[in-house]
Amino acid sequence: MRTTIMAIVAGLALCVTAAAGDGQREYISAAAGTDAAKLPFSNGVRVGNTLYVAGHLGLDPKTQMPPADVEAEARLVLDGIKATVEAAGFTMDDLVSVTVFCPDLAQYDAFNRVYIGYFNGKFPARAFVGSGPLIRGARFEVLGTAVRTQAPAEDRAAAR
Amino acid sequence: MRTTIMAIVAGLALCVTAAAGDGQREYISAAAGTDAAKLPFSNGVRVGNTLYVAGHLGLDPKTQMPPADVEAEARLVLDGIKATVEAAGFTMDDLVSVTVFCPDLAQYDAFNRVYIGYFNGKFPARAFVGSGPLIRGARFEVLGTAVRTQAPAEDRAAAR
Amino acid sequence: MRTTIMAIVAGLALCVTAAAGDGQREYISAAAGTDAAKLPFSNGVRVGNTLYVAGHLGLDPKTQMPPADVEAEARLVLDGIKATVEAAGFTMDDLVSVTVFCPDLAQYDAFNRVYIGYFNGKFPARAFVGSGPLIRGARFEVLGTAVRTQAPAEDRAAAR
């Protein structure tokens, strides 16, 4: 089984493309040539001011498996979310909704300790859901929705 | 236990109703008289240009159980999603976000093989989440969000 | 492990705050001073006419554990959703999408019996998903999205 998400570290090259003939829609994909670029999903899709963020895992970029340390894995998954959000021109504080899937609820406090550091005091609505086993044995899979309200993303698109 | 979704095959009659006094909201329901029409959910709800697609299962219409073949089940569930999306005047390529729940991750590649055929090269943001057992022993439950950007759905509603 | 949601009964004081410098965004939080107010999520986040509702549990406010009766728990979780929705100036009928996570599908009919009473005949798109064990041993975790179409929430915010 291949992994769902390659864009698991901040700064990883991401590919942003607008759909042909559609000035309002952007697909955030893993960089061309990577395994993830061949899988049938985008890391994020932006329509207008709203960004739909795919389920991200926190895999070690070398082994493509979860790291031994739980907080390291939480950082990897949130760095991946951050990379996708920023590739679309959003910030973490634009996230309005987050869902965390987690097969082992004992990781709840560790996840929260890491999670808090990614926001400036206001938090998205969130569900923390006990799941079945996740792809690659990941401890967390995180998805979300972000909305820009300060400056329309359309302005940015129009300026290209 | 009754099934969540009857609209599991493309072409199945679906019922589209606008809420009283609300020109902007449409409910996509299973056809009147079916078991699913009695259950407390809509297959989809459209507000403006956004369609919220319910969790769909891929059940055999005769047995109301999953078919023996995993790819057949994946096609049934995606045909159901397609029927709901099209009943609201959208296409599969309008989907911006999809979540797949799956109790057995060994079905990941089979699902992807079928899934790719429903899109024209650009894919929604997606989460593929290991779940607990699903209703009726289904292998997949799929939900999503679609956004029309090419032509406002409001125009269509207004033209009625 | 602490609970995800304290706002589990209707009428519980909720705190609504607008983000600094952002007239369009509102955070619905548990009342200051409660345990839930220290956890890194909002019960709901409103942007424009859309409200993103966090995962709610149905815990007994005294014990912070699920009540013995399954329908009592379903009422607690939906009362919590209702409190969050109403704190943002929405109604239950504004919900367009709901996801229910449930570790034991045998609770499906009991949940539906209670759920039907919270709506006026039209139902949101819904997924009822078999999950892993939930926080605090809850039988249900429920999240959703609501959209106001009758009267813009912006009007309400602007009138303050």
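Residues numbered from 1 in each chain as written. Chains lettered and ligands numbered in written order. Predicted model: local features only at pLDDT ≥ 70, side-chain atom pairs only at ≥ 80, totals over all residues.

Got a minute to help me understand the overall build of chain A in this structure?
Helix and strand counts for chain A stand at three helices and seven strands. For chain A, the sequential pattern of α-helices and β-strands runs β-β-β-β-α-β-α-β-β-α. Residues classed as buried in chain A amount to 53% of the 160 residues present. Look at the contacts in chain A between residues 6 or more apart in sequence, and 72% of them connect residues 24 or more apart. (Helix = DSSP H or I, 4+ residues; strand = E, 2+ residues; numbered from the N terminus. Buried ≥ 20, exposed ≤ 12 C-beta atoms within 10 Å, placed from the backbone. Contact = placed C-beta atoms within 7 Å.)

It is not clear to me how the relation of the copies chain B and chain C should be interpreted in this structure. Could you clarify?
Both copies of the chain are placed relative to one another by a rotation about an axis and a shift along it. When chain B is fitted to chain C, the best match, at an RMSD of 0.0 Å, comes from turning it 120 degrees and sliding it 0.0 Å along the axis. Here the transformation between the copies is reduced to the relation of a three-fold axis. Mapped onto chain C, only 8% of the interface residues of chain B again fall at the interface, so the copies present different surfaces. (Least-squares fit on C-alpha atoms with pLDDT ≥ 70 in both.)

So what exactly am I meant to see when it comes to the relation of the copies chain A and chain C here?
Superposing chain A onto chain C takes a rotation of 120 degrees plus a shift of 0.0 Å along the axis, which leaves an RMSD of 0.0 Å. With a heterologous cut-off of 20% or less, the 12% of interface residues of chain A that recur at the interface of chain C puts this contact in the heterologous class.

Honestly, helix 1 (residues 70-87) of chain C in this entry has me stumped. Any pointers?
Side chains of residues three or four places apart in an α-helix project in the same direction, reflecting 3.6 residues per turn. With 18 residues, helix 1 of chain C should reach 26 Å at 1.5 Å per residue; the first-to-last C-alpha distance of 26 Å fits that figure. Taking burial as the measure, the 18 residues of helix 1 of chain C include 14 buried ones, the bulk of the element. (Expected span 1.5 Å × (residues − 1).)

Would you take a moment to explain the interface of chain A and chain C for this structure?
Listed by partner, the interface residues are 24 residues for chain A and 27 residues for chain C. The element best represented in the side of chain A that touches chain C is strand 6 (residues 125-130) of chain A, accounting for six residues. Looking at side-chain class alone, the side of chain A that touches chain C contains 13 nonpolar, eight polar and three charged residues. (Nonpolar A, V, L, I, M, F, W, Y, C, P; charged D, E, K, R; others polar.)

What is the right way to look at the nonpolar core in this model?
When a protein is soluble and globular, its nonpolar side chains tend to lie buried together. Counting 138 residues, the largest nonpolar core has Val53(A), Val100(A), Val53(B), Val100(B), Val53(C) and Val100(C) as the members making the most contacts within it. In this structure Val100(A) touches Phe111(A), Arg126(A), Phe128(A), Val129(A), Phe140(A) and Val142(A), once residues within four positions along its chain are discounted. (Core = buried A, V, L, I, M, F, W, Y, C linked by C-beta atoms within 7 Å.)

How should I be thinking about unusual backbone geometry in this particular structure?
We note that Gln64(A) has phi near 60 degrees; this positive angle belongs to a residue other than glycine. Mapped onto the secondary structure, Gln64(A) falls in the loop between strand 4 (50-56) and helix 1 (70-87).

Could you clarify how one ought to interpret the environment of Ser42(A) in this entry?
Looking at where Ser42(A) falls in the secondary structure, it is placed in the loop between strand 2 (25-30) and strand 3 (44-47). Ser42(A) sits 14 residues away from Ile28(A) along the chain, and the two C-alpha atoms are 5.8 Å apart. Not counting residues within four places of it along the chain, the set of residues in contact with Ser42(A) comprises Tyr27(A), Ile28(A), Ser29(A), Ala54(A), Phe123(B), Pro124(B) and Ala125(B).

Honestly, the pairing of strand 4 of chain A in this entry has me stumped. Any pointers?
Walk down a regular strand and you will see the side chains alternate between the two sheet faces. Residue and element names in this part refer to chain A. For strand 4, the tally of buried residues reaches seven of seven residues, placing the bulk of the element in the interior. Here four bridges tie strand 3 to strand 4, and the two strands are oriented antiparallel to one another. When the bridges of strand 4 are listed, Val-47 appears paired with Thr-50. Connecting strand 3 to the antiparallel partner strand 4 that follows it, the hairpin turn spans two residues, and Gly-48 within it adopts a positive phi of roughly 60 degrees. (Pairing = 2+ DSSP bridges.)

How do you make sense of the packing of helix 1 (residues 70-87) of chain B against helix 2 (residues 108-115) of chain B when you look at a structure like this?
Helix-helix packing is described using two parameters, namely the angle between the two axes and the distance between the axes. Residues and elements named next belong to chain B. Packing of helix 1 against helix 2 leaves a shortest axis separation of 9 Å and a crossing angle of 50 degrees. Relative to helix 2, the element helix 1 lies oblique. In the packing of helix 1 onto helix 2, the handedness of the crossing is right-handed. Counted together, Val-70, Glu-71, Ala-74, Arg-75 and Leu-78 of helix 1 and Ala-110, Phe-111, Arg-113, Val-114 and Tyr-115 of helix 2 form the full contact between these two elements. Taken together, the residues that form the contact of helix 1 with helix 2 break down as seven nonpolar, no polar and three charged. (Axes fitted to C-alpha atoms, helices over the stretch in contact; angles between N-to-C directions. Parallel < 35°, antiparallel > 145°, perpendicular 65-115°, else oblique. Left-handed = near helix turned anticlockwise from the far one by under 90°.)

Would you mind showing me how to read the interface of chain B and chain C here?
By convention, interface size is frequently given as the accessible area that disappears when the constituent parts associate. The interface of chain B with chain C comprises 26 residues on the first partner and 24 residues on the second. Residue assignment for the side of chain B that touches chain C shows that the elements contributing at least two residues are strand 2 (25-30), strand 3 (44-47), strand 4 (50-56) and strand 7 (141-147) of chain B. For the side of chain B that touches chain C, the element with the highest residue contribution is strand 4 of chain B, accounting for four residues. Looking at side-chain class alone, the side of chain B that touches chain C contains 15 nonpolar, eight polar and three charged residues.

Help me understand the pairing of strand 4 (residues 50-56) of chain C, please; the structure alone is not making it clear to me.
As paired elements, strand 4 of chain C and strand 7 (residues 141-147) of chain C share five bridges and run antiparallel to each other. Its bridge partner being in strand 7 of chain C, His56(C) is matched across the sheet by Val142(C).

I would appreciate a short explanation of the environment of Met65(A) in the present structure.
All names here are of chain A. Residue placement: Met-65 occurs in the loop between strand 4 and helix 1. As a C-alpha pair, Met-65 and Ala-138 span 73 residues in sequence and 7.5 Å in three-dimensional space. The residues touching Met-65, leaving out its near neighbours within four places in the chain, are Leu-59, Asp-60, Arg-136 and Gly-137.

For this particular structure, what's the right way to read the environment of Leu105(A)?
All names here are of chain A. In this fold, Leu-105 is placed in the loop between strand 5 (95-102) and helix 2 (108-116). C-beta crowding within 10 Å serves as the criterion here: with 19 such atoms nearby, Leu-105 is assigned to the partly exposed category. On a C-alpha basis, the gap between Leu-105 and Val-129 in space is 8.4 Å, while along the polypeptide they are 24 residues apart.

I'm lost on helix 2 of chain A in this one. Help?
Residue and element names in this part refer to chain A. Residues of helix 2 that are buried: Phe-111, Val-114 and Tyr-115. All buried residues of helix 2 project into a common sector of 100 degrees when viewed along the axis, lining one side. Facing away from the buried side of helix 2, by more than 90 degrees, are the exposed residues Asp-109 and Ile-116. On the buried face of helix 2, the contacting elements are helix 1 and strand 5. (Arc of directions from axis to C-beta.)

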